[in-house]
Amino acid sequence: MLQKFDAQVLMRSDLKSYFSDFGIVFYDDFKKMMADCDIVIAVGGDGTIIHCARHAAAAEKPILGINIGRLGFVAGLETDELDELKNLTDGNYTIEYRMMLEVRLENNGIQETHYALNDAVLARGALSRILDLKVNFNDKNVCDYRADGLIIATPTGSTAYSLSAGGPVIDPSISCILLSPICPHSLLTRSVVFGPDARLSVLASSSYDSEMFLTIDGDTSIQITDKQKIEFCRSKQTVRIIKLKDNNFYEVVNEKLAERRN
């Protein structure tokens, strides 16, 4: 379809056996491919698109998601709308800027930095018991939870796990950090929205030697030790999402949530 509109297609060389007769340029070096391309296109569900979006953000390239999953909140097109790709090659599109989270922690003596477009989730293991979670805001303690875990989300991630945990839907044009507890041990515990310049840190502990895991955008999982400090802030990287259709965020949310109900 893209070649029909005179676009040059670049792909990883491990896909060559599937597309060898399509005049595609294949790359062994993923970073070189990202540097040479103008636009990243991700085909899949939200998980695939979000995974690719992190690479696109690091390479400072815009990304278009084509949904073949269930919901596709961050997708720009559905599979029955591929004729819209003509607008992509003609330059008839707009760009939405989405903030990302920067997550920092020490893992096995090494300082690590990870990036999330949707969320970072700190939670107990499958057979573990409730966790005690202490949250600091700009180096001062602001709240403590007893819960199964915490979700630290971007506005993009507000329609993902955080929504299922009772968090609010936030327009992704707003920059903020959303904290939602998972199954809190209190009827009065609610989600909290912090400003874009907030620096949050979380220390999780358990009285029962429970397993604890930090999961970033659903595809990176790190086991956390008792009272290990994890820091969260807005990243300098942003994801540039291509919009080919003239619809707004609230229309997309209503449409996708209606699909979820069905």
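Structure's up top.
Worth saying up front: this structure is predicted, and the values here are computed from it rather than measured.

Rules and cut-offs
Residues numbered from 1 in each chain as written. Predicted model: local features only at pLDDT ≥ 70, side-chain atom pairs only at ≥ 80, totals over all residues. Heavy atoms only, no water. Salt bridge = Lys/Arg side-chain N within 4 Å of Asp/Glu carboxyl O. Helix = DSSP H or I, 4+ residues; strand = E, 2+ residues; numbered from the N terminus. Buried < 20%, exposed > 50% of the residue type's maximum accessible area, 1.4 Å probe, protein only. Phe/Tyr/Trp six-rings, centres within 6.5 Å; stacked < 30°, edge-to-face > 60°. Pairing = 2+ DSSP bridges. Axes fitted to C-alpha atoms, helices over the stretch in contact; angles between N-to-C directions.

*Asks:* Please provide a residue-by-residue account of the pattern of salt bridges, values included.
*Replies:* Under the criterion given, the structure shown has 15 salt bridges. Here Arg199 and Asp139 are joined by a salt bridge, their closest N and O atoms 3.5 Å apart. In this pair, Arg199 sits in the loop between strand S13 (192-194) and strand S14 (200-205) while Asp139 sits in the loop between strand S9 (131-137) and strand S10 (140-147), placing the two residues 60 residues apart along the sequence. The partly exposed category is assigned to Arg199, whose relative accessible area is 42%. Among the residues examined, Asp139 registers a relative accessible area of 60% and is labelled exposed. A salt bridge links Asp197 to Arg234; the shortest N-O distance between them is 2.8 Å. In this pair, Asp197 is assigned in the loop between S13 and S14 and Arg234 in strand S17 (residues 229-243), connecting sequence segments 37 residues apart.

*Asks:* Could you give an account of the packing of aromatic side chains, with specific residues and numbers?
*Replies:* Tallying each qualifying case throughout the model produces two aromatic pairs. Seen from their ring centres, Phe137 and Phe194 are 5.4 Å apart, and the 35 degrees between their planes marks the pair as tilted. Taken together, the residues Phe137 in strand S9 and Phe194 in strand S13 connect sequence positions 57 residues apart. The exposure class of Phe137 is partly exposed, given its relative accessible area of 30%. The exposure class assigned to Phe194 is buried, which follows from its relative accessible area of 9%.

*Asks:* Outline the sheet that holds S13, listing residues and values.
*Replies:* Here six strands make up an open sheet; going across it, the order is S13-S12-S11-S8-S15-S16 and the pairing antiparallel. At either end of the open sheet lies a strand with only one pairing partner, and these are S13 and strand S16 (220-224). Averaged over all adjacent pairs, the angle separating strand axes in this sheet is 15 degrees, with direction ignored. By the bridge criterion, five bridges tie strand S8 (residues 119-124) to strand S11 (residues 149-153) in an arrangement that is antiparallel. The partner of Ala120 across the bridge, within S11, is Ile152.

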